[in-house]
Amino acid sequence: MINFADFLLLLVAIFWGVTFKLVQNALADIPVFMFLFIRFFLSFLLMFIIFYKKIDFNKKDIVAAFLLGFLNFMVFSFQTFGLVYSPSSVVAFITGLYVILTPLVAFLIFKKKITIYSFAATFIAFFGIYLLTGANISNFGKGEILTLISAFFVAMHINYTDIFSKKYNLYTLVTFQFLAVSILSIIFTPFEKELITFNFNVILALIITVLFATVFAYFIQTYAQKFTTPTKTAIIFAMEPVSAAVFAYFYGEHLNFIQIIGAFFVIIAMILSETGDKLILFIKKGKG
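Asks: What should I look at first to understand the environment of Gly-17 in this one?
Replies: Within the secondary structure layout, Gly-17 lies in helix α1 (residues 4-26). Given the relative accessible area of 0%, Gly-17 is considered buried. Once the C-alpha coordinates of Gly-17 and Ser-243 are considered, the two residues, 226 residues apart in sequence, prove to be 5.0 Å apart. Those residues in contact with Gly-17 that lie beyond four places of it in its chain are Glu-240, Ser-243 and Ala-244.

Asks: Please clarify how the nonpolar core should be interpreted in this entry.
Replies: One broad trend across soluble globular proteins is that nonpolar side chains are buried collectively. Ranked by size, the top nonpolar core spans 85 residues in total, and within it Phe-93 and Ile-100 carry the most contacts. In terms of residue count, the dominant contributor to this core is α1 (eleven residues).

Asks: Is there a simple way to explain the side chain of Thr-147 in this structure?
Replies: Its place among the elements puts Thr-147 in helix α7 (residues 142-164). Beyond its immediate chain neighbours, meaning those up to four positions away, Thr-147 contacts Phe-78, Gly-82, Val-91, Ile-94 and Thr-95.

Asks: It is not clear to me how empty space enclosed by the protein should be interpreted in this structure. Could you clarify?
Replies: Gaps left between atoms show up when a probe the size of a water molecule is rolled over them. As enumerated under the stated definition, the model contains one cavity of 30 Å³ or more in all. What the largest cavity holds in volume is close to 30 Å³. Secondary structure elements with two or more residues in the lining of the largest cavity: α5 (98-108) and α6 (116-132). Per-element tally for the lining of the largest cavity: the top contributor is α6, with three residues. Along the lines of polarity and charge, the residues of the lining of the largest cavity split into five nonpolar, one polar and no charged.

Asks: Mind showing me how you'd approach the packing of aromatic side chains here?
Replies: To describe a pair of aromatic rings, you give the distance between the ring centres and the angle between the ring planes. Scanning the entire structure with this criterion turns up 27 aromatic pairs. Both rings, one in Phe-164 and one in Tyr-168, keep their centres 5.6 Å apart while their planes meet at 65°; by these two values the pair is edge-to-face. We note that Phe-164, like Tyr-168, is buried. Each residue in the set Phe-37, Phe-41, Phe-44, Phe-48, Tyr-52, Phe-57 and Phe-176 is aromatic and connected to the rest through ring pairs, giving one cluster.

Reading guide: rules and limits
- Residues numbered from 1 in each chain as written.
- Predicted model: local features only at pLDDT ≥ 70, side-chain atom pairs only at ≥ 80, totals over all residues.
- Heavy atoms only, no water.
- Helix = DSSP H or I, 4+ residues; strand = E, 2+ residues; numbered from the N terminus.
- Buried < 20%, exposed > 50% of the residue type's maximum accessible area, 1.4 Å probe, protein only.
- Contact = heavy atoms within 4.5 Å.
- Core = buried A, V, L, I, M, F, W, Y, C linked by side-chain atoms within 4.5 Å.
- 1 Å grid on protein atoms, 1.4 Å probe; cavity = no way out; pocket = protein on both sides within 12 Å on 5 of 7 lines; lining within 4 Å.
- Points joined across faces, edges and corners; volume = space filled by probe spheres on them.
- Nonpolar A, V, L, I, M, F, W, Y, C, P; charged D, E, K, R; others polar.
- Phe/Tyr/Trp six-rings, centres within 6.5 Å; stacked < 30°, edge-to-face > 60°.

In structure tokens:
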């Protein structure tokens, strides 16, 4: 049965999913790095104001936060540019591969153990991506490549967060990584030639991403994971690309039948990667 903490995490997944299409619509009227600067600087200000008394201004904590911020900057830069070139629903499903890439990165870079289910999930996931392209590898274009790179940096961010969260102040890590993303974003804004139009789409996307997909999401994820397991969290977050596809559908962005099958393969791979051993144990108990 889903508890209150699980419900909050489900809200986070839904908010993250919804923002894919909202951000894609906004990018028609605002350059990528300017959007990221405004989003994360406002998020930094809100976090700083709300949690000022809980922030530790120790140098080591801030340095660790800026490293996480650099990884987060890479995540959102590649993902946001991916939205410029590919449908938001496809970007969402490919981004969701971080669930599978996280243990792979932990194994290859951090020398942590990995289960056979994670390896199996990798092949299933890439087959799902193949179907998401319409079973035509030539359709795997710039947007899909950028998004896949983004998913890799999500996995890196999760692994480093796992290390740093045990050593440094949590509120410092979250708050100052927002500041780091905003600083890195503003550095690249002079290279953007697109004009900015603060219309309804841009303002709506900024409000939703700042309040719900950034400040609310990071705070709730930190709070809720005290009361639920990482495995269950990963399963709940598998709803992120699903909610993105459903929301995009109402904006007239439809997946064809082959792409829908591919999306299901991606979700199955995400769940298998995190719950394979427990699923086998459950089946054995059922037979017993």
